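Here is what each chain is made of, one letter per residue.
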Amino acid sequence: MQVEYTVCLERHPLPAGGYLAQLTLNAPARMNALTLEMVTLLRRLLVELRDDTEAVAVFLDGAGSRGFCVGADALRMRASALANPGGAAVEAEAFFAQEYAAAYLIHTFPKPVICWGNGIVMGAGLGLMVGASHRIVTDASRLAMPEISIGLFPNVGASWFLGQMPGRCGLFSALTGVELSAADALYAGLADYCLTDSSKNQVLRKLLLLEWCDDPTWNAQCLTECLTDIEAEQGAELGTASLKDCRGWIDELCSQAVVGNISNKLREYRGADRWLSNAAQGHARGAASTAKLIFRQLEVSRNLSLLEIFRMELVMSANRVRDPEFAEGVRARLIDRDRDPRWCYRSIDEVPELEIEAMFKSPWSKSPLDELI
């Protein structure tokens, strides 16, 4: 009987002893969309590698050529919610807890974590990648947090990294779900290096020849120097950083204190910039309730620690996945694919304040993350 692992671990022996661990998300047919089984196994393997003195670093990548990770398996989350209408979405909540624990572990890993973020890197995939110590995008990378299109919200630590993006770029990206290029990722601090898409095996071979030792700080420095040299040698084509080019317009738009005003301006955009037009259209198609939730999410998280943010987002996710907006968004985008969701509210002004406040109220007496972190 052949066993198919949703996350594969390969130990690459090093000349001086020990090994470099390659963790591969292994669901290429669905572009490595994350499931409960995947994140549970990913977290368990990360814990083992953290505690194994022979493991000097982790190289995290995705199977297949289309992308690192397209995000979470929204169809299974929707099915979990519909199985118990109005009550706990048991599988979805378990998924979020394991996923957040794995992502938090990557953020706080005591050894270098290299993430190869090629191709499509969206939603939860971006959440995993951003926590790595050495984040690589390629000339073919396309990143986004498109949750507004399915009535969810950017999560897996998004409150943290969206808040650290330049100016108001994080809020803009979340409200529009706009696609970001490799150049955007570097400008926004979501990635550290851009390499050629076809060079992964070559890069991995070079990493195996580094002078690894039992000092994680030394290893991280050597790794930084190596990847910087490789990037300079390759000179990968970056393309346009639209976030940078449109930064003035974005900051002026998103500095308004009322999210409804931001939404109205986005919907009214008739300029010639194609990227901004796509962003405006993405916002217009998204859920008004998600837009209002995102605005509050980034306000509330401004002074929270990373762990506090993960706890907050877990509460929000458990509540939001039960909401009919999420079920309808997934139906329109991933099931019927008519891209015509029948949202509960036509505008942000219609979204009740009490509904947004309810998203931040914990459904548990104790956070499930406390047992995993």
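1. A short note on the sheet that holds strand β2 (residues 19-25)
Taking strand neighbours across the sheet as the criterion, the six strands line up as β1-β2-β3-β5-β7-β9 in an open arrangement whose pairing is mixed. The outermost strands of the open sheet, each flanked by one partner alone, are β1 (7-13) and β9 (193-195). Strand-to-strand twist in this sheet, taken as the mean axis angle between neighbours without regard to direction, amounts to 20 degrees. Where strand β7 (residues 134-138) meets β9, three bridges bridge the pair, whose relative direction is parallel. Paired with Ile136 across the two strands is Tyr193, which belongs to β9. Set on the sheet, helix α9 (residues 216-234) makes contact with β3 (55-62), β5 (113-117), β7 and β9; between it and β9 the angle comes to about 45 degrees.

2. Notes on the pattern of salt bridges
By the definition in use, this model includes 19 salt bridges. Between Arg44 and Glu48 there is a salt bridge whose closest N-O contact spans 2.7 Å. Taken together, the residues span about one helical turn, with Arg44 and Glu48 both in helix α1 (residues 36-51) at a distance of four residues. For Arg44, a relative accessible area of 42% puts it in the partly exposed group.

3. Description of the layout of surface pockets
Of the voids in this model, the largest pocket is the one considered here, and its volume is about 1,100 Å³. Broken down by secondary-structure element, the contributors of at least two residues to the lining of the largest pocket are α2 (74-82), α3 (90-107), β8 (142-144), α13 (274-285) and α16 (324-335). Looking at which element gives the most residues to the lining of the largest pocket, the answer is α13, with six residues. In the lining of the largest pocket, the residues fall into 23 nonpolar, eleven polar and twelve charged. Counted as a void, the second largest pocket has a volume near 400 Å³.

About the thresholds
- Residues numbered from 1 in each chain as written.
- Predicted model: local features only at pLDDT ≥ 70, side-chain atom pairs only at ≥ 80, totals over all residues.
- Heavy atoms only, no water.
- Pairing = 2+ DSSP bridges.
- Helix = DSSP H or I, 4+ residues; strand = E, 2+ residues; numbered from the N terminus.
- Axes fitted to C-alpha atoms, helices over the stretch in contact; angles between N-to-C directions.
- Contact = heavy atoms within 4.5 Å.
- Salt bridge = Lys/Arg side-chain N within 4 Å of Asp/Glu carboxyl O.
- Buried < 20%, exposed > 50% of the residue type's maximum accessible area, 1.4 Å probe, protein only.
- 1 Å grid on protein atoms, 1.4 Å probe; cavity = no way out; pocket = protein on both sides within 12 Å on 5 of 7 lines; lining within 4 Å.
- Points joined across faces, edges and corners; volume = space filled by probe spheres on them.
- Nonpolar A, V, L, I, M, F, W, Y, C, P; charged D, E, K, R; others polar.

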